[in-house]
Amino acid sequence: MRERIYLDHAATTPVHPRVVEAMHPFLTEVYGNPSSVHGFGREARQALEGARDTIARFLDADPQTLVFTSGGTEADNMAIIGGAMAQRERGRHVITSSIEHHAVLHACEHLEQLGFEVTYLPADKTGMISTDELKKAVRPDTILVSIMYGNNEVGTIQPIEEMGSYLREREIVFHTDAVQAVGVLPISVSKLPVDMLSVSAHKINGPKGVGALFLGRKVPFTPYLHGGSQERKRRAGTENLASIIGFAEAARIAQEEMEERVAKYRQMRTTMLQCWQQEGISFEVNGHPEKHLPHILNVSFPGVHTETMLMNLDLEGVAAASGSACTSGSLELSHVLEAMCLDDPVAQSAIRFSFGITNTVEEAERAARKVAQIVHRLKR
Ligand SMILES: *Cc1c(COP(=O)(O)O)cnc(C)c1O
């Protein structure tokens, strides 16, 4: 069979075999409802709280501050809408950035329809959002700020600590979407000055459709789903136990393997860049030169249109992306690259390669050679 190389782990990752194994009993024998008081229920409850403890250790959080959700999107929506609605008598101003994931951007647009005012901070050419710009945007009626930890398209890591310290002094609720950062950066919510933080299982080799929101104890919050009193009345609905167990196992393995994973991703990145240098093709790396997530490499090959490159790579068995999975497929320029104000030839040729646990450095080398061949062929 023809070789296939998957370099789109920022879109989603394969489920780790040990995760599948950990989930299996919870799809077969352990089917009780964690809210039931009988033995079946108690068994499920115990497993649920065990998983919560594991993920709490992973994020250095108090287990009671974690709320399980249906994924990163729900965690983002919960944080933004639940955080804003709880404070609507205090103020109606929210700050975010123009390079957020759509789960944050569209939740903010929804707030605008509800009568809130939203400021969208710009990013510079490296995809960085400035703390000074944030400070300038803060007003007496600002109630909530949401800035992502690491960008999913270009990988730029934002100054979350600096922003959070400033906002904490002013008692402004601060949310960060850390979906891409967890698993590749050590994250401690007890040290980080954030009030809410979103994570998703399927970006760290867990199952799809499960995630969590860290929701600090005293953070104003209005629940979003109405029903039973699960998750300490913060998120109604019978818990997706098998997936939560899988999520915890994925987190446990990620924590164990983080260093070696990151070392490999750095090597993959260097290998690809060196290959293109050797091949003498012109390319430009997008995102911040140092402050970037190790598993994301966004690079432009001016003169070769993004869609053309992606199609040619796909024919060669290499899966990459134009940016977020949600915008690819359309010929529209990604909102992130647009916000970064890159020159047209750079923006229109950007490709995102994102690395994962099953990749090898040799795969990076072979994929990079294929990219170079495509560039040479198209330029001839
Ligand atoms: C994937 C992603 C999300 C959405 O998470 P889902 O679990 O797919 O809903 C949110 N934010 C970022 C930065 C992401 O990469």
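All chains use their own residue numbering, which begins from 1 and follows the written sequence. In keeping with the model being predicted, local features are shown solely for residues with a pLDDT of at least 70 and side-chain atom pairs are shown and tallied solely at 80 or more, while totals for entire chains, interfaces and linings include all residues. Computation of side-chain values covers all heavy atoms of the structure but excludes hydrogens and water.

- Taking an unreviewed UniProt entry as the reference, the protein is identified by name as cysteine desulfurase belonging to Brevibacillus borstelensis AK1.
- The Catalytic activity (unreviewed entry) field of the UniProt record for the protein holds the comment "(sulfur carrier)-H + L-cysteine = (sulfur carrier)-SH + L-alanine". UniProt positions are given in the numbering used here, feature names are shortened, and annotations may be inferred rather than shown by experiment.

### Some details on the overall build of the protein
Consideration 1: Secondary structure counts use DSSP, requiring at least four H or I residues in a row for a helix and at least two E residues in a row for a strand, with both numbered from the N terminus. When you go through the protein residue by residue, the secondary structure sums to 12 helices and 12 strands.
Consideration 2: Our radius of gyration is a C-alpha quantity, and the globule rule it is checked against amounts to 2.2 Å times the number of residues to the power 0.38. Here the protein has a C-alpha radius of gyration of 21 Å; the compact-globule value for 380 residues is 21 Å, and the two agree.
Consideration 3: Dimensions along the principal axes, computed over C-alpha positions, put the protein at roughly 70 × 55 × 35 Å.
Consideration 4: Buried residues in the protein amount to 59% of all 380 residues.
Consideration 5: In this description, accessible areas are obtained by the Shrake-Rupley approach with a 1.4 Å probe, and a residue is regarded as covered only by the protein chains that are shown. For the protein, the exposed area adds up to about 16300 Å²; of that, 51% sits on carbon and sulfur atoms. Buried residues are those whose accessible area, probed at 1.4 Å on protein chains only, stays under 20% of the maximum for their type, while exposed residues exceed 50% and partly exposed ones sit between those limits.

### Considerations on the packing of aromatic side chains
Consideration 1: Aromatic rings from Phe, Tyr and Trp, taking only the six-membered ring of Trp, are treated as a pair when their centres fall within 6.5 Å; an angle between ring planes under 30 degrees marks them as stacked, one over 60 as edge-to-face, and anything in between as tilted. All chains considered together, the criterion is met by six aromatic pairs.
Consideration 2: A ring pair is formed by tyrosine 31 and phenylalanine 40, whose centres lie 5.7 Å apart and whose planes are at 35 degrees; its orientation type is tilted.
Consideration 3: With relative accessibility at 44%, the residue phenylalanine 40 sits in the partly exposed group.
Consideration 4: On the basis of an interplanar angle of 40 degrees and a centroid distance of 6.5 Å, the ring pair of tyrosine 265 and phenylalanine 355 is categorised as tilted. Highlighted residues: tyrosine 265 in helix 8 (residues 241-279) and phenylalanine 355 in the loop between strand 12 (350-354) and helix 12 (361-379), separated in sequence by 90 residues.
Consideration 5: You can call phenylalanine 355 buried: its relative accessible area is 2%.
Consideration 6: When the ring centre of phenylalanine 116 is taken as origin, the NZ or CZ atom of arginine 92, which lies over that ring, is 5.7 Å away. Ring-over charges, as used throughout, are those where CZ of Arg or NZ of Lys falls within 6 Å of the ring centre and within 35 degrees of the ring normal.

### Quick word on the site of the ligand
Consideration 1: Nearness of a residue to a molecule or strand requires only that one of the residue's heavy atoms be within 4 Å of it. Neighbouring the ligand are 13 residues; Thr73, Asp177, Gln180, Ser200 and Lys203 lie closest to it.
Consideration 2: In the analysis that follows, any N or O atom pair within 3.5 Å is treated as a polar contact, provided that within protein one partner can donate a hydrogen and the other can accept it, and provided that, for residues neighboring in sequence, both atoms belong to side chains. Contact between the ligand and threonine 73: an oxygen atom at 2.6 Å from a side-chain N or O atom of the residue.
Consideration 3: Measuring from an oxygen atom of the ligand, one finds a side-chain N or O atom of histidine 202 at 2.8 Å.
Consideration 4: Bound to the protein, the ligand loses 88% of the 380 Å² it would expose on its own.
Consideration 5: Here the element with the most residues in the shell around the ligand is helix 3 (residues 72-85); it accounts for three residues.
Consideration 6: Gly counts as polar in this scheme, as do all residues outside two lists: the nonpolar Ala, Val, Leu, Ile, Met, Phe, Trp, Tyr, Cys and Pro, and the charged Asp, Glu, Lys and Arg. Class assignment of the residues belonging to the shell around the ligand gives a composition of two nonpolar, eight polar and three charged.

### Some details on the nonpolar core
Inside soluble globular proteins, nonpolar side chains tend to come together where they are buried.
Consideration 1: Buried Ala, Val, Leu, Ile, Met, Phe, Trp, Tyr and Cys residues that are joined via side-chain atoms within 4.5 Å together make up what is termed a nonpolar core. Met272, Trp276, Phe301 and Phe353 are the most contacted members of the largest nonpolar core, which has 103 residues in total.
Consideration 2: Throughout, the edges of the domains are those of an automatic or database domain assignment. Each of domain 1 (5-13 + 258-379) and domain 2 (17-252) contributes no fewer than three residues to this core.
Consideration 3: The next biggest cluster of nonpolar side chains, apart from the first, holds 22 residues, and it includes Ile81, Val94, Leu144 and Leu215.

### As for the pattern of salt bridges
Consideration 1: Salt bridges are defined as contacts in which a side-chain nitrogen from Lys or Arg sits within 4 Å of a carboxyl oxygen from Asp or Glu. Considering all chains together, one arrives at 19 salt bridges under this definition.
Consideration 2: Close ionic contact of arginine 168 with aspartate 195 constitutes a salt bridge, the shortest N to O distance being 3.2 Å. You can see arginine 168 sitting in helix 6 (residues 160-169) and its partner aspartate 195 sitting in the loop between strand 6 (173-177) and strand 7 (196-200), a full 27 residues away along the chain.
Consideration 3: Looking at aspartate 195, the relative accessible area reads 15%, which means it is buried.
Consideration 4: Here the salt bridges share partners, and the residues they tie into one network are Arg18, Glu249, Arg252 and Glu256.

### With respect to the domain arrangement of the protein
Consideration 1: Split into domains, the protein comes out as domain 1 (5-13 + 258-379) and domain 2 (17-252).
Consideration 2: Centre-to-centre, using C-alpha coordinates, domain 1 lies 28 Å away from domain 2.
Consideration 3: Working rule for contacts: check all heavy atoms of both residues, and any pair within 4.5 Å makes them a contact. Contacts between the two partners involve 34 residues from domain 1, matched on the other side by 33 residues from domain 2.
Consideration 4: Defined in terms of a 1.4 Å probe, buried area is the accessible area two parts forfeit on being brought together, summed over both. When residues of domain 1 are sorted by the area they lose upon contact with domain 2, Thr13, Met258 and Leu293 head the list and together hold 22% of the total.
Consideration 5: On inspection of domain 1 and its partner domain 2, the count reaches zero salt bridges.

### Some details on helix 4 (residues 102-113)
An α-helical turn contains 3.6 residues, so a residue and the one three or four places further along point in the same direction.
Consideration 1: In a regular helix each residue adds 1.5 Å, so 12 residues correspond to 16 Å; helix 4 covers 16 Å between its end C-alpha atoms and thus fits that length.
Consideration 2: Every buried residue of helix 4 is listed here: His102, Ala103, Val104, Leu105, Ala107, Cys108 and Leu111.
Consideration 3: Check the buried side of helix 4 and you find it contacts helix 3, strand 3 (93-97), strand 4 (117-121), strand 5 (142-146), strand 6 and helix 10 (335-339).
Consideration 4: Glycine 115 sits one or two residues past helix 4 and shows a positive phi near 100 degrees. One fewer than the residue count of a helix, multiplied by 1.5 Å, yields its expected span.

### A look at the state of the cysteines
Consideration 1: A pair of sulfur atoms, both from cysteines and within 2.5 Å, is called a disulfide here. Evaluated as defined, the whole model comprises zero disulfides.
Consideration 2: Between cysteine 341, a free cysteine, and cysteine 108, which holds the nearest cysteine sulfur, the sulfur-to-sulfur gap is 20 Å.

### What about helix 6?
Consideration 1: Every buried residue of helix 6 is accounted for by Ile160, Met163, Gly164, Tyr166 and Leu167. Looking straight down helix 6, one finds its buried side chains confined to an arc of 165 degrees; they lie on one side. Those residues of helix 6 that are exposed and angled more than 90 degrees off the buried face are Glu161 and Glu169.
Consideration 2: Downstream of helix 6 by one or two residues, glutamate 171 has phi in the positive range, about 55 degrees. The arc in question is formed by the directions pointing from the helix axis toward the C-beta atoms.

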